[in-house]
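A closer look at the structure
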Amino acid sequence: MGDVARYLSDAGTRAALLERLLDHVYLSLAPLVVSVVLAIVLGLLCHRFRAVNAALIGLSNVVYTIPSLALFAIIPALIGTRVLDPVNVITALTLYTTALLVRPVAEALGAVPAHVIAAATAMGFRPWRRFLTVELPLAVPVLAAGVRVGSVSNISLVSVGALIGTGGLGTLFTDGFQQRYLAPIIVGIVLTLLLALVVDLLLVLLRNRLTPWVLVGKA
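Below you will find a few notes about this structure. (Residues numbered from 1 in each chain as written. Predicted model: local features only at pLDDT ≥ 70, side-chain atom pairs only at ≥ 80, totals over all residues. Heavy atoms only, no water.)

Structural notes on the pattern of salt bridges
- Summed over all chains, the structure comprises 6 salt bridges.
- Notably, a salt bridge pairs R48 with E135, separated by 3.7 Å at the nearest N-O pair. One end of the pair, R48, is in helix 2 (residues 11-48); the other, E135, is in helix 7 (residues 127-158), and 87 residues separate them in sequence.
- Accessibility expressed as a relative area gives 38% for R48, which makes it partly exposed.
- Here D200 ties to R148 by a salt bridge, and the two come within 2.7 Å at their closest N and O atoms. With D200 in helix 9 (residues 182-210) and R148 in helix 7, this pair connects stretches of sequence that are 52 residues apart.
- Judged by its relative accessible area of 27%, R148 falls in the partly exposed class.
- One network of salt bridges, in which partners are shared, links R48, R130 and E135. (Salt bridge = Lys/Arg side-chain N within 4 Å of Asp/Glu carboxyl O. Helix = DSSP H or I, 4+ residues; strand = E, 2+ residues; numbered from the N terminus. Buried < 20%, exposed > 50% of the residue type's maximum accessible area, 1.4 Å probe, protein only.)

Notes on a nonpolar patch on the surface
- Nonpolar side chains collect at one region of the surface, where V37, V41, L45 and F49 lie side by side and expose about 350 Å² of accessible area between them.
- Looking at where F49 falls in the secondary structure, it is placed in the loop between helix 2 and helix 3 (50-64).
- Given a relative accessible area of 47%, F49 falls into the partly exposed group. (Patch = residues over 30% accessible without salt bridge, like charges linked within 9 Å, V, L, I, M, F, W, Y side chains within 5 Å. Areas by Shrake-Rupley, 256 points an atom, 1.4 Å probe, with all protein chains shown as cover.)

Some thoughts on the packing of helix 5 (residues 86-110) against helix 7
- Remark: helix 5 packs on helix 7, axes separated minimally by 8 Å, with the N-to-C direction vectors making an angle of 145°. In this structure, helix 5 meets helix 7 at a crossing whose hand is right-handed. (Axes fitted to C-alpha atoms, helices over the stretch in contact; angles between N-to-C directions. Left-handed = near helix turned anticlockwise from the far one by under 90°.)

Let's talk about the environment of T211
- Structurally, T211 can be placed in the loop between helix 9 and helix 10 (212-218).
- For the pair T211 and A39, spaced 172 residues apart in sequence, the C-alpha separation works out to 19 Å.
- Polar side-chain contacts of T211 include one of 2.6 Å to the backbone oxygen of R207. (Polar contact = N/O pair within 3.5 Å; in protein donor to acceptor, adjacent residues only side chain to side chain.)

Concerning the side chain of S151
- Along the chain, S151 falls in helix 7.
- One polar contact links the side chain of S151 to the main-chain carbonyl oxygen of R148, over a distance of 2.7 Å.
- Excluding its chain neighbours within four sequence positions, the residues that come into contact with S151 are L32, V199 and L203. (Contact = heavy atoms within 4.5 Å.)

Honestly, it's all geometry; don't read function into it.
Below, the structure is given as structure tokens:
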């Protein structure tokens with residue numbers, strides 16, 4: 001631990017760590033937000049149209065099986081960006097997380113009780129209002145569980161992007177291995193774990209805020 005203490009004692013190192021941590025937060029959470037929106041839209045399509053459901057779920061399964069490093073390398077050729085552009089990692093993680101969330105969203109919407117939908121319709125709720133105020137809120141617990149998994153997955157996969165030169169805490173691992181210096185690797189692992197725990201805690205708090213009736217039901 002003496003090496004870690006000496007490593008962290010340098011002000012320049014601490015500033016660099018903060019910059020890399022902020023990069024990691026951006027690279028992992030930006031695609032998560034975009035993916036939630038995309039997954040809700042695609043999940044609704046899967047819920048409403050059986051043929052679309054089979055096609056999208058199948059495509060999602062295929063996307064999620066592509067190795068992350070291969071996808072990071074392919075994305076620049078597909079969208080015309082530079083190899084070191086952070087948008088490559090964001091695009092790849094958006095695809096992964098959307099693929100992860102589509103099925104849970106579709107299943108959650110399909111699990112909304114028919115009598116609840118019928119009651120909302122009888123009260124004069126138009127389809128979009130019914131979806132936004134009745135069906136989607138009831139799907140939040142399942143969606144939140146998927147988002148929690150997606151957040152941890154993203155925070156982990158961003159580190160892989162360091163192998164192609166993208167920033168984030170993953171650069172601590174590559175630097176440590178190249179220099180045969182254990183301190184940055186240990187710091188990188190600890191910061192990654194802490195970031196995952198903090199994000200997960202915030203998502204749980206957000207889920208509880210959005211679904212207070214679930215907490216009441218458990219009381």
